[in-house]
Amino acid sequence: MSNNWRPDNTPGFEKEPPPRTGSLLRDFQRQAQQAGQGQSPQNQPPPRYQEQTAPPLVQNQFSPVAQTNRQAPQPNPQTPFLQQNHQNNQRQLNPQSQQGQLNPQSQQGQLNPLGQQGWGANAMLRVRQWSGKMATMHAQPYGQPEPPMVSRSRSYNPYASQTPLPATPTPQRRQWKRSRTLRVTTQMRRRRDRWSSRGARIGTGILIAVLALLIVITSSTSAYAYSYYQSQLPNVQGLANQHVEQISRMYDRNGLLLGDLYDPNGSGRRTPVQYKDIPRIMQDAMTAAEDKNFWTNSGVDPLAIIRTAGSNLSHQGIQGGASTLTQQLVKNLTHDAQQTTDRKLTEAALAIGLTQQYAKWKIMEMYFNVSPFGTLDLGVEAATEEYFHLDRTCNAAFTVCTPGIAKLELDANGKANPTLGLARAAFLAGMPQSPVSYDPTNGKNSLRRALIRQDEVLHNMLTDGMSIDGLPITEAMIQQAETLTAKMTFQRYKQNIRAPKFFQWVTGQIATKLGHGDTRVGLIELFTGGFNIRTTIDLNLEDYVEKAIDRHINQAEYQPFPFGHYAILSRDNNLHNASAVVMNAKTGEVLAMNGGVEADSGDNNIAVDSYRSPGSTFKPLVYATAFSMGWYPGMVVPDVKTYIPNGGGSDVANAYVPPDYGNVYLGGNNTVRLATANSRNVPAVRAIMYTGVQNVINTARRFGITAIDEDMTIYNRTHKDKCATIVQCTGPALSLGSSGVPLIQMTDAYQVFANQGAHVATQSILDIWDNYGHSLYHYDAAHPHAVQVISPQVAYMMTSVLADEPARAAEFLGDHVLSFNDWDPTYQVHQVAAKTGTTDRFVDNWTMGYTPDVVVGIWAGNSDNSSLVSSVGITGAAPIWHSIIERVSGRVCDPNAPDYDGVPCGTFNPAQYNFTQGVFTVPPGIHKAMTSATDGLKGNGNTDWMLDGEDPTTPGIATAAPVTPVTPGGGTGGTPGTGGGTPGTGGNPPTVGLGTPTP
């Protein structure tokens, strides 16, 4: 991006794609490298899951009884999980293999290539394990061995003699007769034995058949399964790299939050967090709630699937559920919640792929950032902010941020409370199972369900032997945690925007940029891009500006015009609205913007969107053009009734006759300095007739005013008599400010005078970062892009006129509201230049002014264009301007001072800006020269600034007595007044502009 954040002056931006800031794998490569160098995030997987040199059984650290619940090692991020399982098995089968040594050919981030131990081998190992377990379960207990079978046949007896044995008579046995009862009992016993033996043989046969079938099926389908798995691998990277929606935030220049930027009609709010910032208790609560074997499974949990299918649990997830955290992550990333076999198969394949390719801690991080934790809370951070009001804090460059989730154990005083952390973690961990029905902001029923769910999670943690702060969780801890939760109040998140008019203005600028001119497209990018925008505005100064406007409009103060009296403008003068812009004169940064009083202007930003006739505040642009073409402040311009042909005709009746205030003309001997200071109209019209209207329009454009062109478009759209050219549309009345210009553009134009003729485009944005601290845009205020639009000499000549307080005395009498007389009566330490303006029917009331450091523009009036009652620039806008420009220039706000203006001081600190140049710099190439006070030619009587080598050579009419030379701010003026903080008396005549003000 360029150094100027404006849609019309950033070359090449429209050709660039909008930045993508929401990838789940941002900085994963760096994090993985840190993990390999022993610099892994602070919160590693629990020690009971971490990779060991050799995989001995590890006793559960929470329970001395539990031995095998969490014994499997954490998958090494450099080794696919399935391959590691195979290696662990090889370590056990091969006693000569070196324990803990991984396959040197395995690489981080690679899946198992075809030919290595993968899907098929793992499936066979799994079958062997199951087969061993089945055989063990059905094995008969060992007894005494049967005696060796001895055959009665000689042919089968190797030790039998070949000599025939003598016949031995068989003794006669007496037949024993059993009773009927005994025979029946014996028969029944033998029958039972035969049935038992037959059932055992049948059961064994069935078991063997099932196992054989399982082996056959596994073997026959392993190739298909592996092929299907391989087909899903391209989707793994797509899932992990996909862009997820993230809210953007806007801050003031000091890091104070102005507001969040997200689509209120969209899917929700999300702010990503890093794994290292997720507390251990939050991880334990999450695994206890959804997947207690997360750290050891391969992405799927077959036993959990069997358990869930067998018990048909109605509340899936209470005991872990059939879906692991990895499978739930896949479901949330694919946005596919269909309960179909194909979907489950794909989900399982992708879950295994994620587990093989990415470390478990990274999958855990993804889960916490993707899963819904409420109706509009996407990710755990959004829920933490909404439910517990734990906001993230960042350093000035947004390179280091502490999210709210990292403060889970902190109470309102910032003190650690492990039980509070347990309560919050268990509450949050229960949300993903049913985010909408458990959302506590959805009403009492939802809160009741959320508390029941929290109790389930807590007891799962108890059953799993988890601990907090080194102590095993007990029933007493659970009761304490639930008691703390019961005292919490939950309110739905409400977007709170400070400086709303400025906020909306900047939002529109960025959206236009991101959408390459299409604001609607840009808003989508802005609402979902995860930008952190540091603006130029100072909220502390903004608060002061708002208080100054309210004070001067709605409280009584002295009104010098038309006669001295006290009045309340909103009540007595029908003045209900005002707008203000404060700008750094050297960098163009907008330090404060008040777009109008909310009750009168509504959503309309008067400072930016309202095309108001600037009245006499436009005259300095006309005279600056004339100075560039040979005029000088001592030039004498008669202030007499003047007829200017209209449309090229000579008919006096159709001629344009510029009016002066009260139709009173001063006559001759009226220099440009005096005509400007006293806001006379005819000399300004004569000046534009000398320069040409088109040249003044060109000057206005170079000064940053584009509204004159736009105003013609508005005029042609609303009038039947169309303008063919801008000159035809504006005419010489442009010198009186007849064309509508927004306040922000008028302030930008006066910045040229303050900055010695160099124009700096209006700046509203200092920096833009993404949510991971990467800088996307930076405005280098130390090297602003300034364009010299008029010479420093011409700029200073105009400044000398606008800063001449004694020259205003004829019109403003003893009122010094346009000067720093109350701060510096000598005008030699703190100088200020200013100009007022009032339009037809007292509709628009202006005061524009500047020091060498800062520019302040004020408009006052009504949004409905209704006329003010006896309010002109010096009585409406000027008091507001005076309070603001003195405060921002560094004057100490002292409520006990006799000239205190009544505006609360607030917390604004002007010292941070180092506005120490109190006096305007006289550039080289300019000098003071004596001219005739009668006609401005060579002679004496008047001393004023002149360009070197441009002194008049034609003798003028001699003047009887010379006039005291004028310097900027020279003279002592009158005595400050005391009413309401607005000093002085006198009045400012309304400058009558031509044309109807454009709303």
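Residues numbered from 1 in each chain as written. Predicted model: local features only at pLDDT ≥ 70, side-chain atom pairs only at ≥ 80, totals over all residues. Heavy atoms only, no water.

Points about the overall build of the protein chain
The cut-off we apply is this: Helix numbering and strand numbering both begin at the N terminus, where a helix is a DSSP run of H or I of at least 4 residues and a strand a DSSP run of E of at least 2. Residue exposure (1.4 Å probe, protein chains only): buried if accessible area is under 20% of the type maximum, exposed if over 50%, otherwise partly exposed. Contacts were defined at the residue level, with two residues in contact if any of their heavy atoms lie within 4.5 Å. The Shrake-Rupley method, run with a 1.4 Å probe sphere, supplies the accessible areas, and residue values consider only the shown protein chains as cover.
Summing up its helical and strand segments, the protein chain has 30 helices and 20 strands in all. Looking at the protein chain as a whole, 52% of its 999 residues qualify as buried. Nonlocal contacts in the protein chain, meaning residues at least 24 apart in sequence, comprise 72% of its contacts between residues at least 6 apart. Only carbon and sulfur atoms are counted for the fraction: they give 55% of the accessible area of the protein chain, which is about 44800 Å².

Details of the nonpolar core
Put simply, the test is: Definition used in this section: a nonpolar core is a set of buried Ala, Val, Leu, Ile, Met, Phe, Trp, Tyr and Cys residues joined via side-chain atoms within 4.5 Å.
With 95 residues, the main nonpolar core has Phe502, Ile533, Met593, Phe618, Ile705, Phe753 and Tyr850 as its most contacted residues. It is helix α27 (residues 743-754) that provides the largest number of residues to this core, a total of eight residues. Residue contacts for phenylalanine 753: discarding those within four places in its chain leaves Pro620, Leu621, Ala624, Phe703, Ile790, Ala795, Met798, Thr799 and Tyr850. Listed in part, the 67 residues of the second largest apolar core include Leu350, Met431, Val457 and Met466.

Considering the environment of serine 863
Worth spelling out the cut-off: Pairs of N or O atoms within 3.5 Å make up the polar contacts considered here, provided that, within protein, one atom can donate a hydrogen while the other can accept it, and that residues adjacent in sequence are counted only when both atoms are side-chain atoms.
As for its placement among the helices and strands, serine 863 is situated in the loop between β18 (854-861) and α30 (877-888). Exposure remark for serine 863: the relative accessible area of 25% places this residue in the partly exposed category. Here the side chain of serine 863 touches asparagine 577 through a polar contact of 3.1 Å, side chain to side chain. Among the polar contacts made by the side chain of serine 863, one reaches the side chain of aspartate 600 at a distance of 2.8 Å.

Some words on the state of the cysteines
Formally: The disulfide criterion is simple: two cysteine sulfur atoms within 2.5 Å.
In total, this model carries two disulfides according to the counting rule given. Between the sulfur atoms of cysteine 394 and its disulfide partner cysteine 401 the distance amounts to 2.0 Å. Residues cysteine 394 and cysteine 401 share a disulfide whose torsion about the S-S bond is about 115 degrees; that sign makes it right-handed. On the accessibility criterion, cysteine 394 (27% relative accessible area) is partly exposed. Put simply, cysteine 893 and cysteine 905 are joined by a disulfide, and their sulfur atoms are 1.9 Å apart. In this structure the cystine formed by cysteine 893 and cysteine 905 twists about its S-S bond by roughly -80 degrees; its chirality is therefore left-handed. Taken together, the residues cysteine 893 in the loop between α30 and β19 (926-932) and cysteine 905 in the loop between α30 and β19 connect sequence positions twelve residues apart. Cysteine 905 shares its class with cysteine 893; the two are buried. By sequence-ordered numbering of the bonded cysteines, the protein chain has its disulfides arranged as 1-2, 3-4.

Regarding the sheet that holds strand β11 (residues 590-594)
We count it as follows: For two strands to be treated as a pair, DSSP must find no fewer than two bridges joining them. Between N-to-C directions, angles cover 0 to 180 degrees, with each direction set by a line fitted to C-alpha atoms, over the stretch in contact for helices.
Spatial strand order, β11-β10-β18-β17-β16: five strands in an open sheet with antiparallel pairing. In the strand order of this sheet, the two ends are held by β11 and β16 (833-838), each with one partner. Recorded for the sheet is a direction-independent mean angle of 10 degrees between the axes of neighbouring strands. Pairing of strand β10 (residues 577-584) with β18 involves eight bridges; the strand directions are antiparallel. Residue pairing for β18: methionine 583 is matched across the bridge by valine 855. Together, β10 and β11 form the strand contacts of helix α17 (residues 539-554), whose direction differs from that of β11 by roughly 40 degrees.

Overview of the side chain of threonine 287
With respect to the helices, strands and loops of the structure, threonine 287 is situated in helix α5 (residues 280-290). With sequence-adjacent residues up to four places away left out, threonine 287 is seen in contact with Lys292, Phe294, Trp295, Leu325, Met364 and Met466.

Quick look at unusual backbone geometry
The phi torsion at asparagine 574 lies on the positive side, around 55 degrees, for a residue other than glycine. Looking at the secondary structure, you find asparagine 574 in the loop between α18 (569-572) and β10. For asparagine 574, a relative accessible area of 26% corresponds to the partly exposed category. Of note in this structure, arginine 841 is not a glycine but carries a positive phi near 60 degrees.

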